[in-house]
Structure formats: structure tokens, C-alpha cells
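# Structural characterization, general
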Amino acid sequence: MCGIVGYVGKADAAPILLDGLRRLEYRGYDSAGIAVVNHDHVETRKCAGRISGLLKLVADDPTNGTYGISHTRWATHGKPTDQNAHPHFDESGKLALVHNGVIENFQEIKDALLREGEHHFTSETDTEVLAHLVGKIYDDSAVGVADPRRHKALLVEALRSALQQVIGTYGIAMVHADIPDFIVGARRGSPLVLGVGKDENFLASDVSAIVAYTRDAVYLNDFDLVAVERDKFEISSLAGERGEHAISKVEFTAEDIKKGDYPHYMLKEIFEQPGSVRDAMRGRLNLEECTAKLGGLNMTPAQLREVGRIVLTGCGTALHAGMVGEYLIEQLANIPTEVEYASEFRHRNTPMANDTLVFAISQSGETADTLGALRESQRKGFRTLGICNNVASTIARESDGGVYMHAGPEIGVAATKSFTSQVVILTLIGLLLGRMRHLSTAAGSRIIEALESLPDKLEQVLKLSDQIKTIAQKYAESTGVLFFGRQLNFPIALEAALKVKEITYLYSEGHPSAELKHGIIALVRPGLPSIFIAPDDALFSKNLNNIEQVRARKGPIITVTTESGAGKLKEIADDLIVVPEADDVVMPVLSVVPLQLFAYHLAVALGRDVDKPRNLAKSVTVE
Ligand code: F6R
């Protein structure tokens, strides 16, 4: 949700700011802008639309300067127009500010400023109001102050004072024309990281924007303000106390976030899954005791044995992984497990027994609703663990322990590899808890074997990409897609439908297969394919009945099945996607990948912008 970059150093700022923005474009692409200070005036370029538009503006009319800020927007307040694009300015035109988040009380502040009669607003944004407020406080305090060093402190104070009046969330970067080589940042609820370089420093919403320049990073906490110069930085709290922060090494390199030869990040990430799934279980399988090792949970065996109930919470794809987890944990460990939409859970008075363990699942580790759910659950005194990909994320840092996915950066807006990693981790959790209870050595060993064979089986599934492309092209004229599955594969139907919605904009739904006859069958008609996830498992014959019901109503049928199921299905289904035989426990991971590919190829066939689907952004840091 919006990406911001700031730079102060000796190099030309614009190329660095623009390069950083390109890496953050997954966070929003409604408009983009840049402000660079050239001697004592701020040069800005901004426009509605993609960063490519901004690149052109800057190429036609370059900016000069060695410090500045930039922004890519996911619109909240105000339409995606040139006027609403960041950076925004104060009344003097000297202070430029970029913002990721929402200032909830912006209207009250705006009304108060308007009553003073000296403020003129040119946009509909909450951010411009904040820029005016900071600028006004700064201008008032700087009157008659000659010492330029004092101006730096006054600008930080002005931001602090303004933010004390603000209700809402923010990641901010700000420059002032009169204060050379100085940027100020602040965060509350929206991520902000400081990149520490040699004679240059950076601010960014995400390290991917700056990892090409430095891998030394300071992850700011909520209520931190940071004053950044070329060769130093100072962190303080909103309350004005000085803060100390450790410098961490970024886990990945600039190379890891390149698209390589793939046409889209989404396809690259789908193809990375044999490796990312392997990384999710690396060092976590205890072959001798046929269990899992998850040291990061920070819980003793005795504490784990006392867990009487589990809540899995997350949003979107992470929620679907949680739904698979619910089946897995109940099946393997016999612990009652609930899945809760984080956005509902955080505001709901869910009855929870004292022995409940909560998991917040989030690829980015920054999703506002999941973070809200984590905090609410901790406030009530429940141990709350994270399942995150982004190691330095707020959820990872604030949870009481957890399991990292180690899936590597996921840039495609549609989540793919993070989902399979989440499911594998939830399998490990089920295995660990199960082996502490009734799950036998033999059953544990069977699950480990199934997990270990996954990467090779995924390689086989990926070889189906061309066949799946042909199927997707055949159905490109469809009005929508229905997905059906049972048990562990029901959430896969939901996840596949979400992928199709997100990147093709076609209407799609996922349902338990047996629900068909309770209403959904009314939708079935030629032109609307039904995709059944129907491996040859204990419920295969029941799935067959459902497939026949669709066939009888002339609905096109695609099935994802296993080799042994294919024989029976080839007469009934219009198209078959055959995945390797595998234990039921790992089938969701094997069956989701062909459906990710189906959604991808369908979107490409429809000419959609796969990595930047309309209206979406990755890492949803607003509620
Ligand atoms: C779907 C998708 C979203 C995210 C959701 C949660 O493809 O990307 O539904 O899964 O916004 O994001 P994280 O996992 O970062 O909390």
C-alpha cells in the first residue's frame, strides 16, 4: 500500500529514487512522484498512472540534487490523479512530504487550517493536510532562528508535534528546501526501513527498494522518527526520547529480486516452489523421532502439550493456507482449530479458552488487519505466534515466536510461493503437535516421507505448464470459473478462485464439491467451466458424483486429479490435469500449483497485467 523512498548522499538522487520506486511498484501503482532538492528549491515531477509515466517525465525534464523523496501510490483518499499524486507540499512550497497510510482526522485538521485563512489545498488527499500542518509548525518555530543547525532540529520537532495531533497510520519521508542534505522519516503502522550506506543513507517502505545499494538496514518501530543525513542518522520516539537500533543484514540480494528470463514475477515465483517448499522444511524434519523441529516457536514441549485449541488468522491467501491448516492440525494432532479472518477476529469478542494458541499468518508480516489481530490476541493475554516470510516485518517482530517461511522475496501481487510455504509449515506444526499426542511413529514417518518427496513432485507438476496454458487458452472466452474440492482441497478451490479473480478479473468462486447441489448448480451452463480438484482419495467417488451432476447440465469440466484417478475421469472431464500420486496430507500443495498456472495463463491469454492487477497492491497496510 504505497511505497516510499528517500535518499541523501553524494550521488544524483533521482535515479536512485526512481529505481527504488520500480522495486516498490507492487505496493501500489495509481500514481507516482518524486521531489529532489536543487540548491534551495524543491523540484518535483508527478503524474497519475504507473512509474513508467514518471520515468518519462523525469527523462524529458530531469531533476538535479543529491537528496530527495519519492512515492508510488495506492489511492485511499482522493482519486488517482496528477493533483493527488505525492509528494505533497506545505503552504510555503518548500516542504515536500510523501506518506503511506491514512490520516483519519485529516478533515478536522484541514478545517482548522482553513479557518486560519492562510492555507490553500490543491489535492483531495489527507497527506497534503499533514504537509501543511508540519510546514506551519516549522515556519512558526523557525522565525528569527539564524543557526542552520537548529533548523534540522526544528523540522524534526515540527513533524513530531504534527504527528502527536494525528490519528491514523503513516510511513513518512520529508525534505525541506532550506535544510540541505537532510530527510526526516517517521512510522506508525506502515513499514519504514533505514538503509545505512557509506556517505549515503536511504529510507524505504521495504528493503527491496534499497538492497542494490546497501544490505545494512535499521527496521524502524512504530512511533519512531528518524533524522537522516549523509553520514549519520538519529532515531527518536514520538514522545521525544532518543532511541537505539541495531543494524541488521538484509537476508537477500538485489539478484534475488530480479525477474530473470521470466515474463512475470508471478510465473517466476510459481516455478520457484520446489525450492521454496524445500526451504520451508529445511532443518525442520526430525527423521529419527519422526516429528518436526520448530525452535522458533519459543515453547517447551510441556507448553506445547498443554495447547488445547488453536486459532489461525490471516487475510486472503494466508487465510486459505490457514484453512488447509485447520484440516491438517485437526487430522494430525486432534486439536480443535478455528480459522478467523483477521479483519473480523480483531474486532470480535471470540470466546477463547485459556489454553488457546494463536497463529498470525502473513507473507509480508505487515498486513494491517493481521497485525491488529495479533495485537488484540496478545492484549487478551494469548500466546500469539507468527508464520511470516518477511523476517524483519512487524508481525514477525511483535509475535511471541513463530516460524519463518524462508520463501525469498515475493514480488508478484498474487501470492503463490508463500501459500505453499505456509501450508508446508502448518503441516510441520500439525506433525509436531500430533507426535506429542496420539500420532504414531509410522504415521509421522509417512508424513515426513510425503513432505520430502514434495519438491520433486512439484517439478513434475511444473512440467505441465504448457498443457495448462493450452487449457487456459481454450477457456479464455468463459464468463467465469467455478472451483470445487473436498476436505483439504476445499481451501484450494477458494485459493484458485481468488487467483483467477485477482489477475483475470473474471468472476470465480470456490466451494466444497458437495455444496453444488445446494444452490451453486444453478450457475452451471455451457461457457462456465467447473474445475474439480479430485485426487483419487477416500472421497473420489463422491467427487465423481458431483462431476456427473455438472456434466448432466452441460457445464464444461476440468479436473485436477492423480494418475490413478485419471482413468475414470478421462471419459467424463473435458480436460484433465494429472498430478503425481501423493499422500493426502501434501495433496493441497500439489493441486494448487496447476491452478496457479491456470490462473496465470488465463490472465496472459486475456492480456491482463499479471504482476500489477488493477486496484490491488501487495502488503495491505490499511484497514
Ligand atoms: C492474494 C494476496 C492477498 C494476500 C493478503 C495477505 O494473492 O496476495 O490476498 O494474501 O493480502 O497478505 P499477507 O500474507 O502479506 O498478510
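Parameters at a glance
- Residue numbers restart at each chain and count upward from 1, following the sequence in its written direction.
- Owing to the predicted nature of the model, reporting of local features is limited to residues with pLDDT of at least 70; listing and counting of side-chain atom pairs is limited to 80 or more, with chain, interface and lining totals taken over all residues.
- Side-chain calculation: all heavy atoms of the structure are included, whereas hydrogens and water are not.
- Distances are taken per atom, and a residue is near a molecule or strand as soon as one of its heavy atoms is within 4 Å of it.
- Between N or O atoms, a polar contact is any pair within 3.5 Å; within protein, one atom must be a potential hydrogen donor and the other a potential acceptor, and residues adjacent in sequence are included only when both atoms are from side chains.
- Per-residue and other accessible areas were derived by the Shrake-Rupley procedure at a 1.4 Å probe size, with only the shown protein chains allowed to occlude residues.
- Runs of H or I in DSSP of at least four residues are treated as helices and runs of E of at least two as strands, each being numbered from the N terminus.
- The residue classification treats Ala, Val, Leu, Ile, Met, Phe, Trp, Tyr, Cys and Pro as nonpolar and Asp, Glu, Lys and Arg as charged. All others, Gly included, are polar.
- Angles here are taken between N-to-C directions and fall from 0 to 180 degrees, while the axes themselves are lines fitted to C-alpha atoms, restricted in helices to the stretch in contact.
- Each angle is binned into one of four classes, with values under 35 degrees roughly parallel, values over 145 roughly antiparallel, values of 65 to 115 roughly perpendicular, and all other values oblique.
- The sense of a crossing depends on the near helix, which, turned anticlockwise from the far helix by less than a right angle, makes the crossing left-handed and, turned clockwise, makes it right-handed.
- Should any heavy atoms of two residues lie within 4.5 Å, those residues are counted as being in contact.
- Paired strands, in this sense, are two strands between which DSSP finds at least two bridges.
- Burial classes follow relative accessibility: with a 1.4 Å probe on protein chains only, a residue under 20% of its type's maximum area counts as buried, one over 50% as exposed, and anything between as partly exposed.
- In this context, the arc is that of the directions from the helix axis out to the C-beta atoms.
- Here the nonpolar core consists of buried residues drawn from Ala, Val, Leu, Ile, Met, Phe, Trp, Tyr and Cys, with membership extended through side-chain atoms lying within 4.5 Å.

Moving on, we get to the site of the ligand. Near the ligand there are 15 residues, and of these S362, Q363, S364, T367 and E502 occur at the shortest range. T367 places a side-chain nitrogen or oxygen 2.4 Å from an oxygen atom of the ligand. Note that an oxygen atom of the ligand is positioned 2.9 Å from one of the side-chain N or O atoms of K499. Burial of the ligand by the surrounding chains reaches 89%, relative to a free accessible area of 410 Å². Secondary structure elements with two or more residues in the shell around the ligand: α9 (316-333) and α16 (490-504). Partitioned by chemical class, the residues of the shell around the ligand number 7 nonpolar, 6 polar and 2 charged.

Following both chains from N to C, one finds helix α13 (residues 417-435) and helix α14 (residues 441-462) inclined at 165 degrees, their axes separated by 10 Å at the closest point. When the axis of α13 is compared with that of α14, the two are roughly antiparallel. The handedness of the crossing between α13 and α14 comes out as left-handed. Facing V424, T427, L428, L431 and R435 of α13, the residues of α14 in contact are T441, G444, I447, I448, L451 and L454. Its residues placed into classes, the contact of α13 with α14 shows 7 nonpolar, 3 polar and 1 charged.

Attention shifts here to the sheet that holds strand β15 (residues 248-249). Here we have 8 strands laid out as an open sheet, ordered β3-β2-β4-β1-β10-β9-β11-β15, and antiparallel in their pairing. One side of each edge strand has no neighbouring strand; the edge strands of this open sheet are β3 (41-48) and β15. Sheet analysis places strand β2 (residues 31-38) next to β3, joined by 8 bridges and oriented antiparallel. Residue A32 lies in a different strand from β3, and its bridge partner there is C47. Docked against the sheet, helix α1 (residues 13-24) engages β1 (3-8), β2, β4 (67-73) and β10 (201-204), running at close to 155 degrees with respect to β1. Its contacts with the sheet put helix α2 (residues 51-60) on β2, β3 and β4, and the angle it makes with β3 is roughly 140 degrees.

Pairing between the strands of a sheet comes from backbone hydrogen bonds, and it takes one of two forms, parallel or antiparallel. The parallel open sheet is built from 5 strands, whose spatial order is β19-β18-β20-β21-β22. Lying at the two open borders of the sheet, with one neighbouring strand each, are β19 (337-341) and β22 (402-404). Here the average twist between neighbouring strands, direction ignored, is 20 degrees. Looking at chain direction, strand β18 (residues 309-314) and strand β20 (residues 356-362) are connected through 5 bridges and run parallel. Bridging from a neighbouring strand, L312 pairs with F359 of β20. Against the sheet, helix α11 (residues 368-379) makes contact with β18, β20 and β21 (384-388), and its axis sits at roughly 160 degrees relative to β20, the strand it touches most.

Quick look at α2 now. Within α2, the full set of buried residues consists of I51, L54 and V58. The arc that holds every buried residue of α2, seen down its axis, measures 55 degrees, which confines them to one face. Turned more than 90 degrees away from the buried face of α2 sit S52, K56, A59 and D60, all of them exposed. Tucked into the core, α2 has its buried residues touching α1, β2, β3 and β4.

Regular strands place side chains that alternate from one sheet face to the opposite one. Burial along strand β9 (residues 193-196) is two-sided: V193 and G195 and L194 and V196, pointing in opposite directions, are all buried. As judged from the 4 bridges shared by β9 and β10, these two strands associate in the antiparallel manner. Residue pairing in the sheet places V193 in a bridge with A204 of β10. The antiparallel hairpin formed by β9 and β10 contains 4 residues in its connecting segment, where D199 sits at a positive phi of about 60 degrees.

Here we take up the nonpolar core. Core analysis: the biggest nonpolar cluster contains 90 residues, and I310, F359, I429, L451, L454, F483 and F598 have the highest contact counts within it. The dominant element in this core, judged by the number of residues it contributes, is helix α19 (residues 587-605), at 12 residues. The contact partners of F359, leaving out residues within four places of it in the chain, are L297, I310, V311, L312, T313, L385, I387 and I429. L17, L54, V250 and A254 belong to the second-largest nonpolar core, a separate cluster that totals 35 residues.

What is expected of a backbone is that most residues other than glycine have negative phi and most peptide bonds are trans. Note that the residue after H86, namely P87, is joined by a cis bond; omega there is 0 degrees. Mapped onto the elements of the fold, P87 is located in the loop between β4 and β5 (88-89). Located in the positive-phi region is F223, a residue other than glycine, with phi close to 70 degrees. Here F223 lies in the loop between β11 (216-219) and β12 (224-228). Residue class for F223 comes out partly exposed when judged on its relative accessible area of 36%. Its identity is not glycine, yet C290 carries a phi of approximately 55 degrees, on the positive side. Inspection of the secondary structure puts C290 in the loop between β16 (285-286) and β17 (291-292). On the basis of relative accessible area, C290 is assigned to the buried category, the value being 8%.

These results come straight from atomic positions and should not be treated as a statement about function.
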